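Spelled out from the first residue to the last, the chains are:
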Amino acid sequence: MPTLATTVDGLSLPNPFIIGSGPPGTNLNVIAKAFKEGWGAVIAKTVSLDASKVINVSPRYAKLYAADREEVIGWENIELISDRKFDIWLDEFKKCKDMFPKGVLIASIMEEYSRDAWIEIVERCQDVGVDAFELNFSCPHGLPERKMGAAMGQDPDVLEEVCGWVMSAAKKPVWAKMTPNVTHIEDPSRAALKAGCQGVSAINTIRSVMGVNLETLRPEPTVEGYTTPGGYSSKAVKPIALRMVMEIAQMIKTEFPDRTLSGLGGVETGGDAAQFILLGADTVQVCTGVMKFGYEHVKPMCDELLDWMAKKNFETLADFKGASLPYFTTHADLVKRQAERKAAQKSAAAAASEKKTVGADSDWSGDSFVQQSNSLARG
Ligand SMILES: Cc1cc2nc3c(=O)[nH]c(=O)nc-3n(C[C@H](O)[C@H](O)[C@H](O)COP(=O)(O)O)c2cc1C
């Protein structure tokens, strides 16, 4: 019987399905629900020291439906990080660890470009018992105006410096969460790992505009007649997330083989999780999927992943982690491989047709006897 249990950076997880930072980890009530339903770990909604600067608007989500108008395939949000007071969060982190001592609780943190602020937020969170950190360098809207989130994550030099500050204070594992809104996601990922972070998470949301209302001509989601580009998530982003996870995994494999990778972006099924792990992820996170299907959804995802592992004779996640990475190559190499295969097929066909004709009596073969007889007959 295969197992989903895994140990990542010293954290023991019952399964690789982690609640991704966002609404599904936004207060103690919902975090407790996640642990009760059996999620492998929870990354709480991103917190900062001063929540008073965080002011959300409504509406702040917009959905993209499939042609059936039922299934949600894309989701844009212009939601900021948590608007709840840091002291309330510390109290809830502590209560959560008292309620679920074995539950892996990861604090997602974000600060401005200030060494003191980053060190303070790390120290105060670990003092109340969180098990690990995820550094949010990736929120695409709102906070870049304060040089936070994606504004930091898009600059590998700044990111390396900030990760260095965090690592000087952190006594718990640290993952740096990457923005996909860059050309080469390996560059900021490498910077975080160079600074000593244990792992990388990818991806956060993709900067997007959901659409334009053809009646009012206003872009959506519309707030008082206006909008701002938001972050795109859910099923539609999975192919982009898989590509970026693959690129980071290749880099980790060659440059930092002892570091870890948490993959996310559109994970909704056990099969999705298997694909992220086949491309090098140690764990997978789910955010929008929880908003679509609820916390109970972890069970069918675990069952599906286990069934697939049993079918493929994989005992542990390590048995197939990164197993599909060797099958990426350049386009030029694809062309070369195809030409080689065609040439090999041609010569096999030529050899086969030669076998079917009889030049000398020694050419007669038991396998092709009838064809050889026919080849010698008058047409
Ligand atoms: C409504 C909403 C709020 C989010 N808030 C945060 C956040 O506070 N911190 C963070 O790191 N990521 C945040 N994210 C990004 C998700 O954690 C995740 O990286 C992204 O949505 C892709 O995964 P998914 O398709 O499973 O949602 C948010 C996503 C959504 C949809």
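Look a little higher up for the structure.
What comes next concerns the included structure. (Residues numbered from 1 in each chain as written. Predicted model: local features only at pLDDT ≥ 70, side-chain atom pairs only at ≥ 80, totals over all residues. Heavy atoms only, no water.)

Attention shifts here to the site of the ligand. Around the ligand sit 21 residues, and of these S21, T46, K177, G266 and T288 come closest. Between a nitrogen atom of the ligand and a side-chain N or O atom of K45, the distance comes to 2.9 Å. Out of a free accessible area of 610 Å², the ligand has 99% covered by protein chains. Using a 2 Å cut-off from the grid points, one finds that the ligand occupies the largest cavity. The residue inventory of the shell around the ligand, partitioned by class, reads 6 nonpolar, 12 polar and 3 charged. (Near = heavy atom within 4 Å. Polar contact = N/O pair within 3.5 Å; in protein donor to acceptor, adjacent residues only side chain to side chain. Areas by Shrake-Rupley, 256 points an atom, 1.4 Å probe, with all protein chains shown as cover. 1 Å grid on protein atoms, 1.4 Å probe; cavity = no way out; pocket = protein on both sides within 12 Å on 5 of 7 lines; lining within 4 Å. Sits in = over half its atoms within 2 Å of the grid points. Nonpolar A, V, L, I, M, F, W, Y, C, P; charged D, E, K, R; others polar.)

Gaps left between atoms show up when a probe the size of a water molecule is rolled over them. By the definition in use, this model includes 1 cavity of 30 Å³ or more. Elements represented by at least two residues in the lining of the largest cavity include exactly β6 (72–77), β14 (230–233), β16 (283–286) and α9 (288–293). Among the elements that take part in the lining of the largest cavity, α9 stands out by supplying 3 residues, more than any other. Here the lining of the largest cavity is composed, by residue class, of 14 nonpolar, 15 polar and 3 charged. (Points joined across faces, edges and corners; volume = space filled by probe spheres on them. Helix = DSSP H or I, 4+ residues; strand = E, 2+ residues; numbered from the N terminus.)

Applying the stated criterion to the full structure yields 9 aromatic pairs. With centroids separated by 5.2 Å and ring planes inclined at 35 degrees, the aromatic side chains of F35 and F100 adopt a geometry described as tilted. With F35 in helix α1 (residues 28–37) and F100 in the loop between α2 (86–99) and β7 (105–109), this residue pair connects regions lying 65 residues apart in the sequence. Both residues of the pair, F35 and F100, belong to the buried class. (Phe/Tyr/Trp six-rings, centres within 6.5 Å; stacked < 30°, edge-to-face > 60°. Buried < 20%, exposed > 50% of the residue type's maximum accessible area, 1.4 Å probe, protein only.)

Moving on: the packing of helix α7 (residues 238–255) against helix α8 (residues 270–278). Two elements in contact, α7 and α8, have axes separated by 9 Å at closest approach and are oriented at 25 degrees. Here α7 is positioned roughly parallel relative to α8, judged by the angle of their axes. Contact residues: K238, A241, L242 and V245 in α7; D272, Q275 and F276 in α8. For the contact of α7 with α8, the residue count by class is 4 nonpolar, 1 polar and 2 charged. (Axes fitted to C-alpha atoms, helices over the stretch in contact; angles between N-to-C directions. Parallel < 35°, antiparallel > 145°, perpendicular 65-115°, else oblique. Contact = heavy atoms within 4.5 Å.)

Here the focus is the sheet that holds β6. In a beta sheet, neighbouring strands are held together by backbone hydrogen bonds and run either parallel or antiparallel to one another. Pairing is antiparallel across the open sheet formed by 4 strands, whose spatial order is β5-β6-β14-β11. Only two strands of the sheet have a single neighbouring strand rather than two, namely β5 (61–65) and β11 (206–208). Mean inter-strand twist for the sheet, computed between neighbouring axes without regard to direction, equals 35 degrees. The sheet contact formed by β6 and β14 spans 3 bridges and is antiparallel. Counterpart to W75 in the pairing with β14 is S233. (Pairing = 2+ DSSP bridges.)

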